[in-house]
Amino acid sequence: MCPIEYQGSRLVFYPQGEVIVLEGNAQAAQGGTTLEADRILYRSREGVVEAFNEASVSRGPSKLVADSLFYDRQSGSVATFGASILTEGQSETQGVDLMYDLERKSGRLGGGTTVYEPWVLHGADMSKIGESTYLVEHGNFTTCDLPEPHYRFASSEIKMRQRDVIVASPVVLYFSDVPVFFLPWYVEPTTRGRHSGFLRPQIGLNTIIFGSGQERNVQDLGYYYVFGDYADARISADWYSESRTIVRFDKALMIR
């Protein structure tokens, strides 16, 4: 096993219990894993490291930050306490009391929020499996990054695979706090470029700000389908609360 490199303003060793205490800009590094905190306590016999006050542990592209955490050297698992942030590549997850395996990149993220541009995924119970799969119970997802999103898809079961797809069942679309329609299932690609999927609705300002004396409206409720490299179709609707509903169908053939 690789040796551990210690760093800190003060180091105390208790030989009877084989305990090392680091204080003040403390750091312990071994085999690509780095632990930083204001105070680090290492119990050599158990192979457990405890970190307190602005604690973080990083390994490759993965980094966990919390007020305090426990790290098991043998298993590579981390338990955090309180508000925690997990950063991996393009994604960031904010949760509470995480249990995470740095080697397998899997674990329970608690109730929290994951951001994978342009998607924001929130859930009461969230887990991560491998590098890119998130499972959420009783959550919602949206592309609106406001603290109170203009719209969101709510579902009891959500699965997101980064660079692939979001699958949810069943789904209720909300505009502000108003349910608009229900779907037994929903599939949304997370990849960029031309692909089939539901259109992202455009919400009129008066849908959110009530009492303005003007009707509410939602535009581009619909679906876009790609037949192949040279043909696609789009069906959509605009809804105005007090006057009308407009339905459109467009089909395009691209000639090269």
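Residues numbered from 1 in each chain as written. Predicted model: local features only at pLDDT ≥ 70, side-chain atom pairs only at ≥ 80, totals over all residues. Heavy atoms only, no water.

1. Notes on the overall build of the chain
Right, on to step 1. On a plain count of helices and strands, the chain comes out with one helix and 22 strands.
Right, on to step 2. In the chain, buried positions account for 41% of the 256 residues.
Right, on to step 3. Accessible surface for the chain amounts to roughly 14200 Å². Of this, 52% is attributable to carbon and sulfur atoms. (Helix = DSSP H or I, 4+ residues; strand = E, 2+ residues; numbered from the N terminus. Buried < 20%, exposed > 50% of the residue type's maximum accessible area, 1.4 Å probe, protein only. Areas by Shrake-Rupley, 256 points an atom, 1.4 Å probe, with all protein chains shown as cover.)

2. Examining the pairing of strand E2 (residues 10–14)
Right, on to step 1. Pairing of E2 with strand E3 (residues 19–30) involves five bridges; the strand directions are antiparallel. By the bridge assignment, Arg10 is partnered in E3 with Glu23.
Right, on to step 2. With antiparallel pairing between neighbouring strands as the criterion, E2 and E3 make up a hairpin whose turn holds four residues, including Glu18 at a positive phi of roughly 50°. (Pairing = 2+ DSSP bridges.)

3. Focus: the pattern of salt bridges
Right, on to step 1. Applying the stated rule across the entire model yields ten salt bridges.
Right, on to step 2. Note that Lys128 and Glu88 form a salt bridge whose closest N and O atoms lie 3.0 Å from each other. Note that Lys128 is positioned in strand E11 (residues 119–129) and Glu88 in strand E7 (residues 77–88), a separation of 40 residues in sequence. For the residue pair Lys128 and Glu88, the accessibility class agrees, reading buried in each case. (Salt bridge = Lys/Arg side-chain N within 4 Å of Asp/Glu carboxyl O.)

4. Regarding empty space enclosed by the protein
Right, on to step 1. Summed over the entire model, instances satisfying the criterion amount to two cavities of 30 Å³ or more.
Right, on to step 2. By volume, the largest cavity amounts to about 120 Å³.
Right, on to step 3. Every residue along the wall of the largest cavity is listed here: Ile4, Tyr6, Ala28, Ala29, Gln30, Thr33, Thr34, Leu35, Tyr42, Val49, Tyr71 and Arg73.
Right, on to step 4. If you list the elements that add at least two residues to the lining of the largest cavity, you get E3 and strand E4 (33–43).
Right, on to step 5. When residues of the lining of the largest cavity are assigned to their parent elements, the largest contribution, four residues, is made by E4.
Right, on to step 6. Considering only residue class, the lining of the largest cavity consists of eight nonpolar, three polar and one charged. (1 Å grid on protein atoms, 1.4 Å probe; cavity = no way out; pocket = protein on both sides within 12 Å on 5 of 7 lines; lining within 4 Å. Points joined across faces, edges and corners; volume = space filled by probe spheres on them. Nonpolar A, V, L, I, M, F, W, Y, C, P; charged D, E, K, R; others polar.)

5. Re the environment of Leu22
Right, on to step 1. With respect to the helices, strands and loops of the structure, Leu22 is situated in strand E3.
Right, on to step 2. Leu22 sits 13 residues away from Ser9 along the chain, and the two C-alpha atoms are 7.5 Å apart.
Right, on to step 3. The contacts of Leu22, once residues within four sequence positions are left out, are Tyr6, Gln7, Arg10, Leu11, Gln27, Asp38, Arg39 and Ile40. (Contact = heavy atoms within 4.5 Å.)

6. Brief notes about the layout of surface pockets
Right, on to step 1. Approximately 310 Å³ is the volume attributed to the largest pocket.
Right, on to step 2. Within the residue set of the lining of the largest pocket, elements represented by two or more residues are E11 and strand E12 (133–142).
Right, on to step 3. Classifying every residue of the lining of the largest pocket by side-chain character gives six nonpolar, six polar and four charged.

7. Side note on unusual backbone geometry
Right, on to step 1. Geometrically, the link from Glu117 to Pro118 is a cis peptide bond, its omega value of 0° lying close to zero.
Right, on to step 2. On the secondary structure map, Pro118 appears in the loop between strand E10 (106–116) and E11.
Right, on to step 3. Note the cis peptide between Ser169 and Pro170, where omega equals -20°.
Right, on to step 4. The residue Pro170 is located in the loop between strand E14 (165–168) and strand E15 (171–175) in this model.
Right, on to step 5. One non-glycine residue, Lys105, adopts positive backbone phi at about 55°.
Right, on to step 6. As for its placement among the helices and strands, Lys105 is situated in the loop between strand E9 (99–101) and E10.
Right, on to step 7. Here Lys105 falls in the buried class, since its relative accessible area comes to 17%.

8. Some details on a nonpolar patch on the surface
Right, on to step 1. A cluster of nonpolar residues, Tyr6, Leu11 and Phe13, forms a patch on the protein surface that exposes about 300 Å² of accessible area.
Right, on to step 2. Assignment of secondary structure puts Leu11 in strand E2. (Patch = residues over 30% accessible without salt bridge, like charges linked within 9 Å, V, L, I, M, F, W, Y side chains within 5 Å.)

9. Description of the pairing of strand E8 (residues 91–96)
Along any regular strand the residues' side chains alternate between the sheet's two faces.
Right, on to step 1. Side chains Ser91, Thr93 and Gly95 of E8 all project onto a buried face; the interleaved residues Glu92, Gln94 and Val96 project onto a face where none is buried.
Right, on to step 2. Direction of pairing for E7 relative to E8: antiparallel, over a ladder of six bridges. When the sheet's bridge partners are listed, Ser84 is paired in E8 with Gly95.
Right, on to step 3. The antiparallel hairpin formed by E7 and E8 contains two residues in its connecting segment, where Gly89 sits at a positive phi of about 60°.

As far as function goes, none of this settles anything; it's purely spatial.
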